[in-house]
Amino acid sequence: MPRDFVNQYLPDISAPKGRVVTRFAPSPNGQLHFGHAFSALCAHDFARTFGGAFQLRMEDIDGTRSRPEHVEAIIADIDWLGLVPDGDVQFQSQNIDRYAAARDRLISAGLLYRCGCTRNDIAAALKYKSVPHGPDGPHYPGTCRAHPFNGDAAFSWRLDMAKACALAGPLTWMDLVAGQQYADPMAFGDVVLWRKDAPASYHLAATVDDAANGITHVVRGKDLFAYTAVHRLLQHLLDLPEPVYWHHPLLLDSNGEKLAKSKASPALSVRRAAGENGAELIDNLRHGTLMLGISLSDA
Ligand code: GLU
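Residues numbered from 1 in each chain as written. Predicted model: local features only at pLDDT ≥ 70, side-chain atom pairs only at ≥ 80, totals over all residues. Heavy atoms only, no water.

What to know about the pairing of strand β8 (residues 172-175)
Rules: Classification of residues uses two cut-offs on accessible area relative to the type maximum, computed with a 1.4 Å probe and protein chains only: under 20% is buried, over 50% is exposed, and between them is partly exposed. For helices the rule is a DSSP run of H or I covering at least 4 residues; for strands it is a run of E covering at least 2, with both sets numbered from the N terminus onward. Two strands pair under a simple rule: DSSP has to find at least two bridges between them.
Burial along β8 is one-sided: the residues Trp 173 and Asp 175 are buried and none of Thr 172 and Met 174 is. Pairing of β8 with strand β9 (residues 179-182), which is carried by four bridges, proceeds in the antiparallel orientation. Of the residues in β9, the one forming a bridge with Met 174 is Gln 180. The hairpin formed by β8 and β9 contains three residues between the paired strands.

What follows is the structure, encoded as structure tokens:
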């Protein structure tokens, strides 16, 4: 039962006002594993608990890493798990204009600057400049903020974080487990919002789509908790509605590390091809029966 499952993690949750809409938003860069099944289950069961809608969104804007065979496998995996999405599957690769409009609005507001730095340029600059370290590593050293890039080579657009934060003032967001949070996007420095090698960054595309798709509750893993500060800032700057968040626990491998696509955690498609029962797997996850060697992080 969706409600029983959700209540294990959110015992005090009461029916939100209005229709609930959630999404599962995998990047088709690899195969889905049990961690993804758990994440999709959280988003699905949260929506179903309140008679709401559950959407499936492919975060497929990274043309170099995203593969059609992974898109196909993800759709088949979700179907095999019995987590039927409402409406058509969304593809970020079809929404580039939407992200470009958001980018242009931020450019007009004077909040983005062109950055032509390569990884090597950044590494070289960091050798003689000390910068704060955030959850994603050292901040961008600010080379192109001081001297905007003007060349012919490919460039990215970075957010002038200090300027954006000064404009926005203090911001908060709501997590259903952790409660009200003060957003600290400064922790990330000048993030890239439009990439050199691919269009919009994850931050811009996910934020714009959550609003465009009417997502009321963003249900995703705790590994993305800190990024919400950046998303909250973008919502404010772009006048987008503010969803509520549930950052659910993560499935961990026997070393206590997050199950990751890159590691040898069992792919759902392998289980599916072997004739295993996806509905049974979901049932086990609902009842907290995890595979051997897999555990759940703290809530
Ligand atoms: N596409 C992201 C991932 O696969 C998830 C994004 C999100 O849920 O906001 O990790």
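Some details on the site of the ligand
Filter applied, for reference: We call a residue near a molecule or strand when any one of its heavy atoms sits within 4 Å of it. Think of a polar contact as two N or O atoms within 3.5 Å of one another; within protein, one of them needs to be a possible hydrogen donor and the other a possible acceptor, and neighboring residues in sequence only count if both atoms come from side chains. Only the protein chains shown count as covering a residue, and every accessible area follows the Shrake-Rupley method with a 1.4 Å probe. As a working rule, the residues Ala, Val, Leu, Ile, Met, Phe, Trp, Tyr, Cys and Pro are called nonpolar, Asp, Glu, Lys and Arg charged, and the rest polar, with Gly in that last group.
With respect to spatial proximity, the complete set of residues near the ligand consists of Arg 23, Ala 25, Pro 26, Ser 27, Glu 59, Tyr 202, Arg 220 and Leu 224. In the model, an oxygen atom of the ligand is placed 2.8 Å from a nitrogen or oxygen of the Arg 23 side chain. A total of 300 Å² of accessible area belongs to the ligand in isolation, and the protein chains cover 80% of it. For the shell around the ligand, the class distribution of residues is four nonpolar, one polar and three charged.

Thoughts on the packing of aromatic side chains
How we decide: The pairing test for Phe, Tyr and Trp rings, Trp by its six-membered ring, is centres within 6.5 Å, and the orientation test on the planes gives stacked under 30 degrees, edge-to-face over 60, and tilted for anything in between.
For the structure shown, the criterion picks out 13 aromatic pairs. Judged by centre distance (6.2 Å) and plane angle (45°), the rings of Phe 46 and Trp 246 are tilted. Residue Phe 46 is found in helix α2 (residues 34-49), and its partner Trp 246 is found in strand β12 (residues 244-248); the two are separated by 200 residues along the sequence. Here Phe 46 matches Trp 246 in class, with each residue buried. Both rings, one in Tyr 202 and one in Tyr 227, keep their centres 6.2 Å apart while their planes meet at 75°; by these two values the pair is edge-to-face. Of this pair, Tyr 202 sits in helix α8 (residues 202-212) while Tyr 227 sits in the loop between β11 (217-221) and α9 (228-237), and the two are 25 residues apart along the sequence.

Examining the side chain of His 217
The condition that has to hold: Contact between two residues is taken to exist if any of their heavy atoms lie within 4.5 Å; hydrogens are not considered.
Relative to the helices and strands, His 217 resides in strand β11. A relative accessible area of 7% places His 217 in the buried class. Among residues more than four places away in sequence, those in contact with His 217 are Pro 16, Val 20, Val 21, Thr 22, Arg 23, Phe 46, Leu 176, Pro 243 and Val 244.

Points about the side chain of His 248
Here His 248 shows up in strand β12. What makes His 248 buried here is its relative accessible area of 2%. Aside from chain neighbours lying at most four places away, what touches His 248 is Phe 38, Ser 39, Cys 42, Val 219, Arg 220, Gly 221 and Lys 222.

Observations concerning the environment of Val 219
Structurally, Val 219 is set in strand β11. Remark: the alpha-carbon pair of Val 219 and Phe 24, spanning 195 residues in sequence, is separated by 7.6 Å. Beyond its immediate chain neighbours, meaning those up to four positions away, Val 219 contacts Thr 22, Arg 23, Cys 42, Ala 43, Phe 46, Trp 246 and His 248.

Comments concerning the pattern of salt bridges
As a working rule, side chains carrying opposite charge can pair if their charged atoms are close by. Note the cut-off: Salt bridge, as used here: a side-chain nitrogen of Lys or Arg that lies within 4 Å of a carboxyl oxygen of Asp or Glu.
Considering all chains together, one arrives at 15 salt bridges under this definition. A network of salt bridges, in which partner residues are shared, links Arg 23, Arg 57, Glu 59 and Asp 210.

Here's the deal with helix α11 (residues 278-286)
Note the threshold: Comment: arc refers to directions from the helix axis out to C-beta atoms.
Taken as a whole, α11 has its buried residues at Gly 278, Leu 281, Ile 282, Leu 285 and Arg 286. Within α11, the buried residues cover an arc of 140° as seen down the axis, which keeps them to one side. At its buried positions, α11 is contacted by α1 (2-9), α2, α3 (68-81) and β13 (251-252). Following α11 by one or two positions, Gly 288 has its phi on the positive side, about 75°.

Structural notes on the environment of Ala 162
Relative to the helices and strands, Ala 162 is located in helix α7 (residues 161-168). When the C-alpha atoms of Ala 162 and Lys 222 are compared, they prove to be 26 Å apart, with 60 residues separating the residues in sequence. Apart from the residues lying within four places of it in its own chain, the contact partners of Ala 162 are Met 186 and Asp 190.

Thoughts on the sheet that holds strand β2 (residues 53-58)
The criterion, for reference: Whenever a helix is involved, its axis is fitted only over the stretch in contact; in every case the axis is a line through C-alpha atoms, and angles between N-to-C directions fall within 0 to 180 degrees.
Taken in spatial order, the three strands of this open sheet run β1-β2-β3, and their pairing is parallel. Two strands bound the open sheet, and with one partner strand each, they are β1 (21-24) and β3 (90-91). Contacts between α2 and the sheet are confined to β1 and β2, with β1 contributing the most and set at about 170° to the helix. The strands that α3 touches are β1, β2 and β3; relative to β2, the one it contacts most, it runs at about 160°.

Regarding the sheet that holds strand β7 (residues 156-159)
Read across the sheet, three strands follow the order β4-β7-β10 without closing on themselves; strand pairing throughout is antiparallel. What marks the edges here is a single partner per strand, and that holds for β4 (112-115) and β10 (192-194). Between one strand and the next, the sheet's axes are offset by a mean angle of 45°, whatever the strand orientation. Strand direction decides the pairing type here: β7 and β10, joined by two bridges, are antiparallel. Within the sheet, the bridge partner assigned to Arg 158 lies in β10 and is Val 192. Contacts from helix α4 (residues 96-108) reach β4, β7 and β10, with the element oriented near 125° to β10.

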